[in-house]
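# Remarks on the overall topology
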Amino acid sequence: MTDIVDASEQILCRLSDIEDGDARGCLPADGQDQLFVVRRGAEVVVYLNSCPHNWRPLEYRRHQFLAPDHSHIICYAHGAHFEIDSGYCFAGPCEGKSLVRIPSRLAGDCVVVPRALPPTRWDG
Ligand code: FES
């Protein structure tokens, strides 16, 4: 699996590990996923798991990043609502700000992102 990425990239997870329309946290560090992936069919969007309101992780339990109907992303800390495709906050305490999107690509069944990532700022 590693021969399909170069030294500047890393494999996050397999596309087939994410149900269509659902999300999954990836890249745990100190027990907290640094990124999350949202799948829509054969496409994915990847965001830093750090909310632009208070720079906290978004999920209320592992892999729970979406509204119950999977129509958008929710930060469960204080209820910010984000569009899936753009990461734009359309309601909540950080309305008008956006999640930090991570460039990604699919290599076969693998979701690939750069090895160099922005800081999550959970403690900031
Ligand atoms: S930290 Fe996300 S809404 Fe407050």
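Bear in mind the structure is a predicted one, so any value in this text is a computation, not a measurement. (Residues numbered from 1 in each chain as written. Predicted model: local features only at pLDDT ≥ 70, side-chain atom pairs only at ≥ 80, totals over all residues. Heavy atoms only, no water.)

### Side note on the overall build of the protein
Inclusion rule: Numbering of helices and strands runs from the N terminus; a helix is a DSSP stretch of H or I covering at least four residues, while a strand is a stretch of E covering at least two. Computation of the radius of gyration draws on C-alpha atoms alone. For the globule rule, the value is 2.2 Å times the number of residues to the power 0.38. For every residue, the accessible area (1.4 Å probe, protein chains only) is compared with the maximum for its type, and the residue is labelled buried under 20%, exposed over 50%, or partly exposed between those bounds. Here, residues are in contact when the closest pair of their heavy atoms is within 4.5 Å. Values of accessible area rely on a 1.4 Å probe in the Shrake-Rupley scheme; residue burial ignores everything except the protein chains shown. In summary, the charge assignment counts Lys and Arg as positive and Asp and Glu as negative, without counting His or the chain termini. Note on charges: their place is set at NZ of Lys, CZ of Arg, CG of Asp or CD of Glu.
A count of helical and extended segments in the protein gives 0 helices and 10 strands. When the helices and strands of the protein are listed from N to C terminus, the series reads β-β-β-β-β-β-β-β-β-β. Computed over its C-alpha atoms, the radius of gyration of the protein comes to 14 Å, within 12% of the 14 Å expected for a compact globule of 124 residues. C-alpha extents for the protein along the principal axes are approximately 45 × 30 × 25 Å. Sorting the 124 residues of the protein into buried and exposed places 40% on the buried side. A separation threshold of at least 6 residues defines the contact pool for the protein, and within that pool the share at least 24 residues apart is 47%. Here the protein has roughly 6500 Å² of accessible surface; of this, 47% comes from carbon and sulfur atoms. Considering the protein, the positive charge centre built from 12 side chains and the negative charge centre built from 17 side chains are found 3 Å apart.

### Here's the deal with the packing of aromatic side chains
Applicable threshold: When the centres of two rings from Phe, Tyr and Trp lie within 6.5 Å, Trp using its six-membered ring, the rings pair. Their planes under 30 degrees apart give stacked, over 60 give edge-to-face, and anything left gives tilted.
Under the defined criterion, the tally for this structure stands at 3 aromatic pairs. With a centroid separation of 4.3 Å and an interplanar angle of 10°, the aromatic rings of Phe-36 and Phe-65 are classed as stacked. You can see Phe-36 sitting in strand β3 (residues 32–40) and its partner Phe-65 sitting in the loop between β4 (43–48) and β5 (73–75), a full 29 residues away along the chain. Residue classification places Phe-36 among the buried positions, given a relative accessible area of 0%.

### What to know about the sheet that holds strand β10 (residues 110–114)
Where we set the bar: The pairing criterion is simple: DSSP has to find at least two bridges between the two strands. To get an axis, fit a line to the C-alpha atoms, keeping to the stretch in contact for a helix; angles then go from 0 to 180 degrees between the N-to-C directions.
Sheet architecture is open: 3 strands sit in the order β1-β10-β9, paired in antiparallel fashion. Because the sheet does not close on itself, it has two edges, and the strands there are β1 (9–14) and β9 (105–107). For this sheet, the mean angle separating the axes of adjacent strands, direction not counted, is 40°.

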